[in-house]
Amino acid sequence: MSRTNGEGAELIDMENLFYTGDYSGALNEFYKIQKPSVERDILMYRSYIAQSRFRIVLDEIKHNNDTPLLAVRYLAEYLHVSHRKNEIVAFFDEKFQGDASEHVIWTIVAAIVYINEELYETAIKLLVENNNLECLSLYMHCLLKMSRVDLAKQVLQTMQEKDDDATLTQLSQAWLNIQIGGEKLQDAYYIFQDMCDKFSPTLLLMNGQAVCAIGQQKYEDAERVLRECVTRTPDDYDTLVNLLNLSQQKLRKQDEAQFSRYLSQLREHKNNALATTYTKKLAEFNQLVLQYGPSNKKSISEIEA
């Protein structure tokens, strides 16, 4: 929901902390802003969601809320109440068939839901006509997921023309550089480092640095950064994914036990694409073992047990 040209300038610090992954800092900033606004409250509740503190959001934003905060409740429900997922996707399918000229948070939340469902083209249809910086950033994210770097470059150019110095624009530049790879990885690393110096070294920014280091085969640097992330938050999803990737790249015998450990921790994150895909593929493999393997062949789940 990034603002420019003086609009909502008092919220910029809170936004920057949120976008760089300093959710506690964003919540602290909330209490410094004396002027009430729905934008301030949206950022507060989104920060709680980012910390997986869903109960606060669900308790304080009721079903009959008639403000844009209701969109944030839908996001909390989607991420936290598993049996509501399909219902919420259907709700947004119906909602955006008609007039979508409401607060931009509805578009942002709907896009996030569709992205989590890997419905990137559906998300793009909502985002393509919206010039809001966060919508543009989500649009670029979808294109990168679809390996359309060429179109992602065009979206980034639009963001740069709108506000080249904005935190979201800089982060989007870094994500695009990572996708391009090669020499651009170092450029991305510098952006993350600049953000760390300007704000604080959050898990989001440090994981970005680790990805750059892995791509450059600077495995010791990546491991150092990721170990610091683990010290801060042992079960952080992005950190575990990057540690899993790092252990694969290093291909050392002593990393095999760690690889299994990271994978086990990741599988405890029930509501994420990697764990869901792994569980699905594991079930498919076990079915193939039963169908084509020898009758006394153990399934992989039995072996793991």
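About the thresholds
Residues numbered from 1 in each chain as written. Predicted model: local features only at pLDDT ≥ 70, side-chain atom pairs only at ≥ 80, totals over all residues. Heavy atoms only, no water. Helix = DSSP H or I, 4+ residues; strand = E, 2+ residues; numbered from the N terminus. Buried < 20%, exposed > 50% of the residue type's maximum accessible area, 1.4 Å probe, protein only. Contact = heavy atoms within 4.5 Å. Core = buried A, V, L, I, M, F, W, Y, C linked by side-chain atoms within 4.5 Å. pLDDT = per-residue confidence, 0-100. Salt bridge = Lys/Arg side-chain N within 4 Å of Asp/Glu carboxyl O. Phe/Tyr/Trp six-rings, centres within 6.5 Å; stacked < 30°, edge-to-face > 60°. Lys NZ or Arg CZ within 6 Å of the ring centre and 35° of its normal.

## Some points on the overall build of the protein chain
No. 1: The secondary structure content of the protein chain amounts to 18 helices and zero strands.
No. 2: Burial statistics for the protein chain: of 305 residues in total, 45% are counted as buried.
No. 3: In the protein chain, once contacts between residues fewer than 6 apart in sequence are set aside, the share between residues at least 24 apart is 49%.

## Details of the nonpolar core
No. 1: Counting residues in each nonpolar core, the largest one holds 73 residues, and the members touching the most others are Tyr45, Val57, Val72, Phe92, Ile105, Trp106 and Leu127.
No. 2: At eleven residues, helix 7 (residues 104-116) tops the list of elements feeding residues into this core.
No. 3: Apart from residues no more than four positions distant in its own chain, Val72 is found in contact with Ile42, Tyr45, Arg46, Ile49, Val57, Ile61 and Ile105.
No. 4: The next biggest cluster of nonpolar side chains, apart from the first, holds 14 residues, and it includes Met206, Val225, Cys229 and Leu243.

## A short note on the environment of Phe30
No. 1: Mapped onto the elements, Phe30 comes out in helix 2 (residues 23-30).
No. 2: Linking Phe30 and Leu43, residues 13 residues apart in sequence, is a C-alpha distance of 8.2 Å.

## Considering the side chain of Arg73
No. 1: Tracing the sequence through the fold places Arg73 in helix 5 (residues 69-80).
No. 2: Apart from residues lying up to four places away in sequence, Arg73 is in contact with Val57, Leu58, Ile61, Lys62 and His63.

## Regarding the confidence of the model for the protein chain
No. 1: Of the residues in the protein chain, 83% have a pLDDT of 70 or more, and the chain-wide mean is 88.
No. 2: Within the protein chain, helix 18 (residues 300-304) has the poorest average pLDDT of any element, 54, and helix 11 (residues 167-180) the best, 98.

## So, the pattern of salt bridges
No. 1: Taken as a whole and assessed by the stated rule, the structure comprises eleven salt bridges.
No. 2: For the salt bridge of Lys32 with Glu29, the shortest nitrogen-to-oxygen distance reads 3.7 Å.
No. 3: Accessibility expressed as a relative area gives 16% for Glu29, which makes it buried.
No. 4: In this structure, Asp150 engages Arg148 in a salt bridge whose closest nitrogen and oxygen atoms are separated by 2.8 Å.
No. 5: In this structure Asp150 comes out as partly exposed when scored by relative accessible area, which is 39%.
No. 6: We classify Arg148 as partly exposed; its relative accessible area is 35%.
No. 7: Through salt bridges that share partners, Arg73, Glu77, Arg84 and Glu87 make up one connected network.

## Describing the packing of aromatic side chains
No. 1: Counting across every chain of the model gives eleven aromatic pairs.
No. 2: Between the aromatic rings of Phe18 and Tyr19, the centroid separation amounts to 5.6 Å while the plane-to-plane angle is 65°, which identifies the pairing as edge-to-face.
No. 3: We classify Phe18 as buried; its relative accessible area is 9%.
No. 4: Owing to a relative accessible area of 8%, Tyr19 belongs among the buried residues under this scheme.
No. 5: Taking the centre distance of 5.7 Å and the plane angle of 65° together, the rings of Phe18 and Tyr23 count as edge-to-face.
No. 6: For Tyr23, a relative accessible area of 23% puts it in the partly exposed group.
No. 7: An aromatic cluster is defined as three or more aromatic residues linked by ring pairs; in this entry it consists of Tyr74, Phe91, Phe92, Phe96 and Trp106.
No. 8: Across the ring face of Tyr78, the terminal group of Lys85 is positioned such that the distance to the ring centre comes to 3.9 Å.

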